[in-house]
Amino acid sequence: ANKPAMYVLFLLFQILGAVILGFGIWILADKTSFIAVLQMSSPSLKTGAYILIGVGALTMLMGFLGCVGAVNEIRCLLGLYFTCLMIILITQVAAGLVIYFQKETLKEELSHIVKDLIENYNPLNEDKKNLQEVWDYVQTQITCCGWTGAKDWEDNEIIINKSMTEYPCSCSNRTEDLEEGRGFCRLDDPVNSTATYTDWPVHAQGCMDGVEQWLKDNLGVILGVCTGVAVIELLGMILSISLCKNIHSEDYTKVPKS
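Quick caveat: nothing in here was measured; it's all calculated off a predicted structure.

Cut-offs used in this document
- Residues numbered from 1 in each chain as written.
- Predicted model: local features only at pLDDT ≥ 70, side-chain atom pairs only at ≥ 80, totals over all residues.
- Heavy atoms only, no water.
- UniProt positions renumbered as here; feature names shortened; annotations may be inferred.
- Helix = DSSP H or I, 4+ residues; strand = E, 2+ residues; numbered from the N terminus.
- Patch = residues over 30% accessible without salt bridge, like charges linked within 9 Å, V, L, I, M, F, W, Y side chains within 5 Å.
- Areas by Shrake-Rupley, 256 points an atom, 1.4 Å probe, with all protein chains shown as cover.
- Salt bridge = Lys/Arg side-chain N within 4 Å of Asp/Glu carboxyl O.
- Buried < 20%, exposed > 50% of the residue type's maximum accessible area, 1.4 Å probe, protein only.
- Phe/Tyr/Trp six-rings, centres within 6.5 Å; stacked < 30°, edge-to-face > 60°.
- Axes fitted to C-alpha atoms, helices over the stretch in contact; angles between N-to-C directions.
- Parallel < 35°, antiparallel > 145°, perpendicular 65-115°, else oblique.
- Contact = heavy atoms within 4.5 Å.
- Nonpolar A, V, L, I, M, F, W, Y, C, P; charged D, E, K, R; others polar.
- Disulfide = S-S within 2.5 Å.

## Some thoughts on the UniProt feature "transmembrane region" (unreviewed entry) in the chain
Point 1. What UniProt calls "transmembrane region" (unreviewed entry) maps, in this numbering, to residues 7-29, 49-71, 78-101 and 221-244.
Point 2. In the segment residues 221-244, helix accounts for 100% and strand for 0%; the C-alpha atoms at its two ends are 35 Å apart.

## Some points on a nonpolar patch on the surface
Point 1. A cluster of nonpolar side chains, namely Val8, Leu11, Leu12, Ile15 and Val19, defines an oily patch on the protein surface of about 450 Å² accessible area.
Point 2. As for its placement among the helices and strands, Leu11 is situated in helix 1 (residues 3-29).

## Considering the environment of Asp116
Point 1. Summarising the element assignment, Asp116 is placed in helix 5 (residues 103-119).
Point 2. The partly exposed category is assigned to Asp116, whose relative accessible area is 39%.
Point 3. Each C-alpha atom of the pair Asp116 and Asp155 lies 9.5 Å from the other, and the pair is 39 residues apart in sequence.

## So, the environment of Val68
Point 1. Residue placement: Val68 occurs in helix 3 (residues 43-72).
Point 2. Residue class for Val68 comes out partly exposed when judged on its relative accessible area of 23%.
Point 3. As a C-alpha pair, Val68 and Leu78 span 10 residues in sequence and 8.7 Å in three-dimensional space.

## Quick look at the packing of aromatic side chains
Two aromatic rings, taken as a pair, are described by how far apart their centres are and by the angle between their planes.
Point 1. Following the criterion strictly, the structure yields three aromatic pairs and no others.
Point 2. On the basis of an interplanar angle of 75° and a centroid distance of 5.2 Å, the ring pair of Tyr121 and Trp153 is categorised as edge-to-face. Here Tyr121 is found in the loop between helix 5 and helix 6 (129-142), whereas its partner Trp153 is found in the loop between helix 6 and helix 7 (157-161), with 32 residues between them in sequence.
Point 3. For Trp153, a relative accessible area of 0% corresponds to the buried category.
Point 4. Note on Trp153 and Phe184: the rings are 6.2 Å apart at their centroids and 85° apart in plane angle, and the pair reads as edge-to-face. Taken together, the residues span a long stretch of sequence, with Trp153 in the loop between helix 6 and helix 7 and Phe184 in strand 2 (residues 184-186) at a distance of 31 residues.
Point 5. Residue class for Phe184 comes out buried when judged on its relative accessible area of 17%.
Point 6. Taken together, the aromatic side chains of Tyr121, Trp153 and Phe184 make up a single cluster linked through ring pairs.

## With respect to the packing of helix 5 against helix 6
Point 1. Interaxial distance between helix 5 and helix 6 falls to 11 Å at its minimum, and their mutual angle equals 105°. Judged by the angle between their axes, helix 5 and helix 6 are roughly perpendicular. Of the residues in helix 6, those in contact with Val114, Leu117 and Ile118 of helix 5 are Leu131, Gln132 and Trp135.
Point 2. Split by residue class, the contact of helix 5 with helix 6 holds five nonpolar, one polar and no charged.

## Some points on the state of the cysteines
Point 1. For the structure on display, the rule yields three disulfides.
Point 2. One disulfide bridge connects Cys144 with Cys207, the sulfur atoms lying 2.0 Å from each other. Disulfide Cys144-Cys207: the torsion about the S-S bond is 85°, which places it as right-handed. Taken together, the residues Cys144 in the loop between helix 6 and helix 7 and Cys207 in helix 9 (residues 207-254) connect sequence positions 63 residues apart. In terms of burial, Cys144 and Cys207 fall into one category: buried.
Point 3. The partner cysteine of Cys169 in its disulfide is Cys185, sulfur to sulfur 2.0 Å.

Structural data, given as structure tokens:
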């Protein structure tokens, strides 16, 4: 009686596995969003992406094993399916707790990564060109400047050498600067040939606040997806136990009476 529901669940697991797998690949392949800044600078996010790919592939494999187990009434496959589900669910809860309790450490790590990127930003540096272009993209899209604010850019070596008379084009609130989109733009009429970040025509908001706001705006969606995944996994565990019991009881009825 539970088999049709089990098949639907296995189909869901195939889709779920593909989504997780795709998300992991996207983190590694993406070069045009804030994720790319983290991915290219933070080993922990790269490791996380490989874990996601592994979990996605395992989820799809489990869907297949569970389906074979249900069709052929193989108890050991259903047992394996249940065990894998339980391990993944425990891992997800553990990962969630680690992220929650380590969020300040992660924020600190990210702060160092971005500030180092800003200090050494050089449009002529080909080695870091991709990473710098991604950071320009982030500043343009979130309409922010620096990590805590535009003052962060006062630590940039090129801007210091130019006596603060240049500023990052991607921070600018002027359309003509945004057409350039990367590198440095020059102030029109610097006073005494020197300036400070307050003289630049740039956005006041730091990108840290912009990213936090994005997370707050999308928190409901993120939590909803995580809860949905956990519910599907729990249903899979309950149904696999139920099917195991059914197969077990059928085994006893098939034993010939003496």
